[in-house]
Each structure stands twice: as C-alpha cells, then as structure tokens.
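Single-letter residue listing:
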Amino acid sequence: AQSVAQPEDQVNVAEGNPLTVKCTYSVSGNPYLFWYVQYPNRGLQFLLKYITGDNLVKGSYGFEAEFNKSQTSFHLKKPSALVSDSALYFCAVRDRGGDYKLSFGAGTTVTVRA
Amino acid sequence: DGGITQSPKYLFRKEGQNVTLSCEQNLNHDAMYWYRQDPGQGLRLIYYSQIVNDFQKGDIAEGYSVSREKKESFPLTVTSAQKNPTAFYLCASVQGRNQPQHFGDGTRLSIL
C-alpha cells in the first residue's frame with residue numbers, strides 16, 4: 001500500500017519570504033516522488049520528481065524539494081515566494097516496485113500576499 | 001505541441017442520463033488514467049489503462065465505465081448509477097515507471 005499526507009490544508013506567506021509545503025509518504029518499497037501545481041480550473045502541472053541519487057531535487061520555477069528517507073518526507077521549498085506562486089500543490093508517490101498507479105495527497109493551498 | 005485534450009470543458013447531466021467525457025493524447029503514451037477531484041480530497045483514481053484493449057478499476061470505479069480501443073483515446077462514461085457525479089474530472093497519461101504523469105485541463109461535470 002502507498003499513501004501521501006500533506007498535513008497543512010493552507011500555507012500563507014508574504015511575497016519574498018521562503019515557502020515550504022510539507023509532504024510525508026508511506027510505501028512498502030522505495031518511492032518515486034512527485035510535486036505538481038494546479039491553478040484554478042486547470043490540470044496539474046509537473047514541478048519536480050525524486051527518482052534516485054541526490055536528495056535535493058531542483059525543479060521548475062525556482063522550486064526544490066528535499067528527499068529524507070529516515071523521515072519519509074519530501075517537502076517542497078522555494079527561497080523567495082512570488083504572488084504568482086499562489087495555487088494548489090499536490091505531492092504524489094509511487095512504489096518503485098509496484099504498478100503504475102500514483103497516490104496523491106489531499107493538496108495544500110498556498111497563498112502568497114503582496 | 002504534444003499534450004492531452006479533454007472535452008468538453010463543462011458538462012451537465014440530467015437524472016438517469018449517461019454522459020461521456022473525452023480524453024485524447026498525442027504523446028504516444030501507453031498508460032492513461034482517469035481521476036476525480038473533489039474539494040479537499042485530492043485526486044482519486046477511477047480507472048486506468050496500461051495498454052490498448054486493457055484497463056483496470058481504480059479506487060472509485062462504481063458508476064463509471066471506460067474503453068481503450070485506441071492508444072490515443074481513453075473515454076470515460078459516467079453512468080446513471082453514479083449518484084453523486086458532480087466533480088472535476090482529470091485525464092492523465094504517462095510513459096515509463098519513473099516519469100511524471102501529464103494531465104489534461106479537466107472536465108467539470110454538474111447535475112441539472
């Protein structure tokens with residue numbers, strides 16, 4: 001079985017401040033981990049992924065995420081948030097040895113105030 | 001540009017009516033998926049297909065049906081047996097186990 005938890009429904013930050021969106025996961029084997037962003041009435045856009053190797057993954061639009069195996073976490077970060085980063089963010093996991101199904105967290109709404 | 005096209009963008013269903021949501025991809029991906037999105041619940045998997053002429057039930061398949069007669073197409077039918085169909089429906093595709101899924105822009109289904 002695989003699952004994802006995003007413990008915060010909402011994150012509010014001021015523009016220019018660091019942004020962190022938390023994600024913890026559970027898989028029986030080793031994970032593939034993904035972050036997506038969704039704007040209103042749109043599909044999900046891929047931001048970054050962890051497959052193997054370096055625990056710090058850099059992605060699109062200045063986002064990065066750190067894979068922590070001992071804490072089973074994959075938190076999304078951005079050093080300096082923009083108002084345009086306001087959106088819904090999803091973390092997703094797939095067991096490396098499993099089938100092609102992804103499990104998604106419930107999502108975190110990020111609001112960046114000017 | 002390659003991508004996934006979902007149509008229509010908005011759809012209304014009458015009581016007792018079946019409706020079909022279209023999903024077409026030109027990415028040459030083998031695997032395709034249908035998700036349902038409700039506020040605060042993330043994405044829930046309805047059906048998925050890893051190859052043409054084969055598909056599997058996801059976590060919430062009751063009241064839905066699919067077909068996969070062509071690689072590029074994976075239509076979803078919301079039947080009258082689905083008593084609470086109002087939601088945002090997303091189609092996705094992927095090629096490769098460690099690759100990210102690509103998503104369409106969704107269809108919003110409402111009850112008349």
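Residues numbered from 1 in each chain as written. Chains lettered and ligands numbered in written order. Predicted model: local features only at pLDDT ≥ 70, side-chain atom pairs only at ≥ 80, totals over all residues. Heavy atoms only, no water.

Asker: Can you walk me through the state of the cysteines in this structure?
Answerer: In a disulfide, the sulfur atoms of two cysteines are held together by a covalent bond. Scanning the entire structure with this criterion turns up 2 disulfides over all chains. Between A:Cys23 and A:Cys91 runs a disulfide, and the two sulfur atoms are separated by 2.0 Å. Because the torsion about its S-S bond is -60°, the bridge between A:Cys23 and A:Cys91 counts as left-handed. Residue A:Cys23 is found in the loop between β3 (19-21) and β4 (24-26), and its partner A:Cys91 is found in strand β10 (residues 87-95); the two are separated by 68 residues along the sequence. With respect to class, A:Cys23 is no different from A:Cys91; both count as buried. Two residues, B:Cys23 and B:Cys91, share a disulfide whose sulfurs are 1.9 Å apart. Of note, the bridge from B:Cys23 to B:Cys91 carries an S-S torsion of about -75° and is left-handed in sense. Of this pair, B:Cys23 sits in strand β3 (residues 19-25) while B:Cys91 sits in strand β9 (residues 87-94), and the two are 68 residues apart along the sequence. (Disulfide = S-S within 2.5 Å. Helix = DSSP H or I, 4+ residues; strand = E, 2+ residues; numbered from the N terminus. Buried < 20%, exposed > 50% of the residue type's maximum accessible area, 1.4 Å probe, protein only.)

Asker: Please explain the pattern of salt bridges as it appears in this structure.
Answerer: Residues and elements named next belong to chain B. Applying the stated criterion across every chain, the model contains 6 salt bridges over all chains. Between Lys71 and Asp30 there is a salt bridge, and its shortest N-O distance comes to 3.3 Å. With a gap of 41 residues between them, Lys71 in the loop between β7 (64-66) and β8 (76-78) and Asp30 in the loop between β3 and β4 (31-37) connect regions that are remote in the sequence. A relative accessible area of 29% places Asp30 in the partly exposed class. Among the salt bridges present, the one from Asp38 reaches Arg44, with a minimum N-O distance of 2.8 Å. Within this structure, Arg36, Asp38 and Arg44 form a network of salt bridges that share partners. (Salt bridge = Lys/Arg side-chain N within 4 Å of Asp/Glu carboxyl O.)

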